[in-house]
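# Reading the structure
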Amino acid sequence: MPTQAATKLLTTLLAFALTACASGPSQSAPRRLLLAYDGPTAAVPLEQRPRLVLRAVNLPDYLDRRELVRRSGAAEVVLDQNAHWAERPGKAITRWVTLALAAQRPDYAVESYTTADGRPPDALLSLTLESFEPGADGMVRLRGSWTFAPNAKVATRSGRFDADQVTANGSAEASVTALQQTLAVAVKALAKQLPEAAFA
């Protein structure tokens, strides 16, 4: 019967469409990028040291997001939908800088956000990053500033740090590696400019 033939044809076409959808390309989940610190770590102290607390590193809103940000022009950025940070960049960078600075300045007990025992810190360090996204030319340009305040008082020292690093290629992983390298340069310069703990 014509009706049966039409029903059979529609059933065949529907099955074919479902098979095509199932076998077609599917969008994979974005890669999760981790800003891991793998440098030297601070030795266990034998005596109590002045406590230096690093406040949360301040980032522009357009950078402190899950997607990896790339600069495509002088006043334009694009988001990499295929590469996401495993955690907020501000949190990851704060931890990274704390670990690196603690290793380079053993005269301080460097901590993040606040002291572990809740007591007032002996000095506060504030960092602001203005940019660190890879540019269209493949260069990561880290720009930022810092202030140091002993005994949580008015800042007595401040400075800037600039570090450039070309990425090995255009991949997201290469951009993360370049960011680690620029952070290492910035922290090394910062560690040299901070006052001795005895005079904080």
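A quick note: this is a predicted structure, and the numbers were derived from the prediction, not measured. (Residues numbered from 1 in each chain as written. Predicted model: local features only at pLDDT ≥ 70, side-chain atom pairs only at ≥ 80, totals over all residues. Heavy atoms only, no water.)

A word on the side chain of glutamate 111. Within the fold, glutamate 111 resides in strand β5 (residues 109-112). Despite its burial, glutamate 111 pairs with no opposite charge; the closest candidate is arginine 51, at 5.0 Å N-O. Excluding anything up to four places from it in sequence, glutamate 111 contacts Arg51, Leu52, Val53, Leu54, Thr98 and Ala116. (Helix = DSSP H or I, 4+ residues; strand = E, 2+ residues; numbered from the N terminus. Buried < 20%, exposed > 50% of the residue type's maximum accessible area, 1.4 Å probe, protein only. Lys, Arg positive; Asp, Glu negative; His and termini not counted. Salt bridge = Lys/Arg side-chain N within 4 Å of Asp/Glu carboxyl O. Contact = heavy atoms within 4.5 Å.)

Now for the nonpolar core. Counting residues in hydrophobic clusters, the biggest one holds 41 residues, and the most contacted among them are Leu35, Leu52, Ile93, Leu125 and Leu127. For this core, the elements supplying multiple residues, two or more each, are β2 (51-54), β3 (67-73), β4 (76-85), α2 (89-104), β6 (123-131), β7 (139-150), β8 (157-166) and α3 (172-193). With eight residues, the single largest contributor to this core is α3. Setting aside anything within four residues of it in sequence, one finds leucine 52 in contact with Leu101, Tyr108, Ala109, Val110, Glu111, Ala123, Leu124, Leu125, Phe148 and Leu194. (Core = buried A, V, L, I, M, F, W, Y, C linked by side-chain atoms within 4.5 Å.)

Counted by the stated rule, this structure contains 14 salt bridges. A salt bridge links glutamate 173 to arginine 31; the nearest nitrogen and oxygen atoms lie 2.7 Å apart. Here glutamate 173 is found in helix α3, whereas its partner arginine 31 is found in strand β1 (residues 31-33), with 142 residues between them in sequence. Judged by relative accessible area, which is 36%, glutamate 173 ranks as partly exposed. When its relative accessible area of 39% is taken as the criterion, arginine 31 is described as partly exposed. Aspartate 162 is the salt-bridge partner of arginine 143, the closest N and O atoms lying 3.9 Å from each other. Of this pair, arginine 143 sits in strand β7 while aspartate 162 sits in strand β8, placing them 19 residues apart in sequence. Given the relative accessible area of 22%, arginine 143 is considered partly exposed.

So, to be careful, I would describe these as geometric facts and stop short of saying anything about function.
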